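Observations on the three-dimensional arrangement
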Amino acid sequence: MQQIGITLLALSVLLFASLSAAHALLYKRDTRAVIAWVGLIILVPLAGAILYWLLGVNRVRRRAAALRQGLPATRRGAPSALSLPPGFAPLARAGDQLGPFDLCGGNRVEPLENGDEAFPAMLEAINGANVSIALATYIFDNDAVGAQFADALTAAQRRGVEVRVLIDAVGQHYSWRSMTKRLRSAGIVAAAFMPVLKNMVAFNLRNHRKLLVVDGSSAFTGGMNIRAGNVLAAAGRHPVRDLQFRVAGPAVAQLMDIFVHDWEFTTGEKLDGEDWFPPLRNEGAVIARAIPDGPAEHFEVLKLMMLAALAQAKESVSIVTPYFLPDASLITALNTTALRGVAVNILLPEKNNLKLVQWASHTIYWQVLQRGCRIWHSPPPFDHSKLMLVDDQWLLVGSTNWDPRSLRLNFELNLECYDASLAASMSRWFDHRLCRSREIRRADIDRHRLPRRLRDGAARLLSPYL
């Protein structure tokens, strides 16, 4: 009898492992991931299969698809004749196919550098709110800057403004005391995106979007978290450079729509009506659209937009990112872009706040440099800015980094912009930063000693999770 029990147990484990391996073969997109998971399941059938179902299967996508059935249809603008820069129609069509929104004209997009410019503008908007405030962020520190935002949100709520605050459940713990609890104690409706204890199988999938929409008519988005370190005038020990963008015009409705879906995904509450979606008038000349990305229904949209933009480029590509771990397809696209004679400049921080990411990134440098791309290191303070600029006509700004976490795991938000004037201003900003940076050459990489190369190579093994 005991022998029969052992045999049945062994057969059950074998069946479980076989079903798990079959699921990986059928549904995993990345061949390397298939090999890794199937190999693990073969080596340790029970433990490997359990780990696969815990970490390798994206339940968020299924949950998002189920929830999407009950959501209002994503708002797309009415088709209109837009005056795109010459030759950019193919890139615009790629965005039409990839994203949920149409391009819309009549927007004003204003860059705000560091918390020194962005935070006063954001606080002014909150203090002037009349009917609604929607705020989503990855990190909302309970520090001096966080307190200013908490006080402004509390004052708005007390004067009758509808306030909703969404903070990532992991990001909220960057502070010793959670800002979510502080806001709730002040009577503000605040929620944590995917609390880890309730979503252990999705603990690695975070909401990295940064978004503030006031009265449904003005918005702020970019890569900036709410924390004191972003104010360089009083940053203390850990100053951080960053970019935020103030948006007005029809594109604000798209940004609001993304918040509404995230909010309902998290809380089940539906936000609609003119308090959140008022009529919007033209405010400027920028053609823009919001592009959400994430492990749910918009999987790898930003990566495909980056690839399309690199294929579009004819003269120049300027990239700023704090974390540079592109996969093989992006590395190939960067190389082929440079081989076509396009000037490709990549600006990275000299000293990263995440050492493992910096070490892993070093192992990729030579692959990019050998085909003509140029890499530059910007001096401290750490630069958290994100920007992609093509031919001084097209921009991609927002929360996405050039790493697997942003491009495969996080929920991200970017803004695609077509405008020569905005692009020229950001090109000047980029050139200004480049003049103060140090170019990294292939010889610099070749001089790295063996212990450093081994360290960097070991760090690269963790790149899918950094």
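Note that the structure is a prediction, hence the values are computed from the model and not measured. (Residues numbered from 1 in each chain as written. Predicted model: local features only at pLDDT ≥ 70, side-chain atom pairs only at ≥ 80, totals over all residues. Heavy atoms only, no water.)

**A word on unusual backbone geometry**
Here is the rule we go by: Each helix is a run of H or I in the DSSP string that is no shorter than four residues. Each strand is a run of E no shorter than two, and both are numbered from the N terminus. Think of it in three bands: residues with accessible area under 20% of the maximum for their type are buried, residues over 50% are exposed, and the middle band is partly exposed, with areas taken using a 1.4 Å probe on protein chains only.
In the segment running from Pro380 into Pro381, the intervening peptide bond is cis, with an omega of 10°. One can find Pro381 in the loop between strand S12 (374-378) and strand S13 (382-383). If you check the backbone angles, Asn114 has positive phi at about 65° while not being a glycine. Residue placement: Asn114 occurs in helix H6 (residues 114-127). The class for Asn114 is buried, based on a relative accessible area of 8%. Positive phi outside glycine occurs at Glu300, with the angle close to 60°. Locating Glu300 in the fold gives a position in the loop between strand S9 (286-293) and helix H10 (301-312).

**Here we look at helix H7 (residues 144-158)**
Rules: One less than the residue count of a helix, multiplied by 1.5 Å, gives the span that helix is expected to have. Only heavy atoms enter the contact rule, under which two residues are in contact if any of them lie within 4.5 Å. For this analysis, a polar contact is any N or O atom pair within 3.5 Å, provided that within protein one partner can donate a hydrogen and the other can accept it, and provided that sequence-adjacent residues contribute only side-chain to side-chain pairs.
Taking 1.5 Å per residue as the helical rise, H7 with its 15 residues ought to reach 21 Å, and the 21 Å between its terminal C-alpha atoms agrees with that figure. Looking at H7, one finds that the buried residues are Val145, Gly146, Ala147, Phe149, Ala150, Ala152, Leu153, Thr154 and Ala156. Of the surrounding secondary structure, the elements contacted by the buried residues of H7 are H6, strand S2 (132-137), strand S3 (162-168) and helix H8 (179-185). The residue sitting at the N-terminus of H7 and contributing the capping side-chain oxygen is Asp143; that oxygen lies 3.2 Å from the backbone nitrogen of Val145.

**Concerning the pattern of salt bridges**
We count it as follows: Throughout this description, the term salt bridge denotes a Lys or Arg side-chain nitrogen within 4 Å of a carboxyl oxygen of Asp or Glu.
Summed over the entire model, instances satisfying the criterion amount to 21 salt bridges. Where Arg246 meets Glu110, a salt bridge forms, and the shortest distance between an N and an O atom there is 2.9 Å. On the criterion of sequence distance, the pair formed by Arg246 in strand S8 (residues 243-248) and Glu110 in strand S1 (residues 104-113) is long-range, its members being 136 residues apart. Classification of Arg246 by relative accessible area gives partly exposed; the value is 24%. Residue class for Glu110 comes out partly exposed when judged on its relative accessible area of 30%. Note that Asp456 and Arg452 form a salt bridge whose closest N and O atoms lie 4.0 Å from each other. Highlighted residues: Asp456 and Arg452, both in helix H16 (residues 450-460), separated by 4 residues, approximately one helical turn. By relative accessible area, which is 3% here, Asp456 ends up buried. Overall, Arg452 belongs to the partly exposed group, its relative accessible area being 32%. Put simply, Glu300, Lys303, Asp327 and Arg408 are held in one network by salt bridges that share partners.

**So, a nonpolar patch on the surface**
Put simply, the rule is: Like-charged residues are merged into a patch within 9 Å and nonpolar side chains (Val, Leu, Ile, Met, Phe, Trp, Tyr) within 5 Å, provided each residue has over 30% relative accessible area and no salt bridge. Residue burial considers only the protein chains on display, and all accessible areas are found by Shrake-Rupley using a 1.4 Å probe.
Residues Ile4, Leu8, Leu11 and Leu14 make up a contiguous nonpolar surface patch of roughly 410 Å² in combined accessible area. Locating Ile4 in the fold gives a position in helix H1 (residues 2-27).

**A look at the packing of aromatic side chains**
Convention followed: Think of it this way: a Phe, Tyr or Trp ring, Trp meaning its six-membered ring, pairs with another when their centres are within 6.5 Å, and the plane angle makes it stacked under 30 degrees, edge-to-face over 60, tilted otherwise.
What the rule picks out here adds up to 10 aromatic pairs. Pairing Tyr138 with Tyr174 gives two aromatic rings, centres 5.7 Å apart and planes at 70°, and the pair type is edge-to-face. Of this pair, Tyr138 sits in the loop between S2 and H7 while Tyr174 sits in the loop between S3 and H8; the two residues are 36 residues apart in sequence, bridging distant segments of the chain. Looking at Tyr138, the relative accessible area reads 12%, which means it is buried. Relative to Trp402, the ring of Phe324 has its centre 6.4 Å away and its plane inclined at 35°; by these criteria the two rings are tilted. A residue pair is termed long-range when its members are at least 10 positions apart, and Phe324 in the loop between strand S10 (316-320) and helix H11 (328-339) and Trp402 in the loop between strand S15 (394-398) and helix H13 (404-409) qualify at 78 residues. A single burial state applies to Phe324 and to Trp402, both of which are buried. Pairwise contacts between aromatic rings join Phe119, Phe140 and Phe149 into one cluster.

**Observations regarding the confidence of the model for the protein**
Spelled out, the test is: Across the chain, each position has a pLDDT score giving the predictor's confidence in that residue, from 0 to 100.
The predicted model of the protein averages 89 in pLDDT, with 91% of residues at 70 or higher. With pLDDT under 50 throughout, residues 64-79 is counted as low confidence; its partners more than four residues away or in other chains account for 30 contacts.

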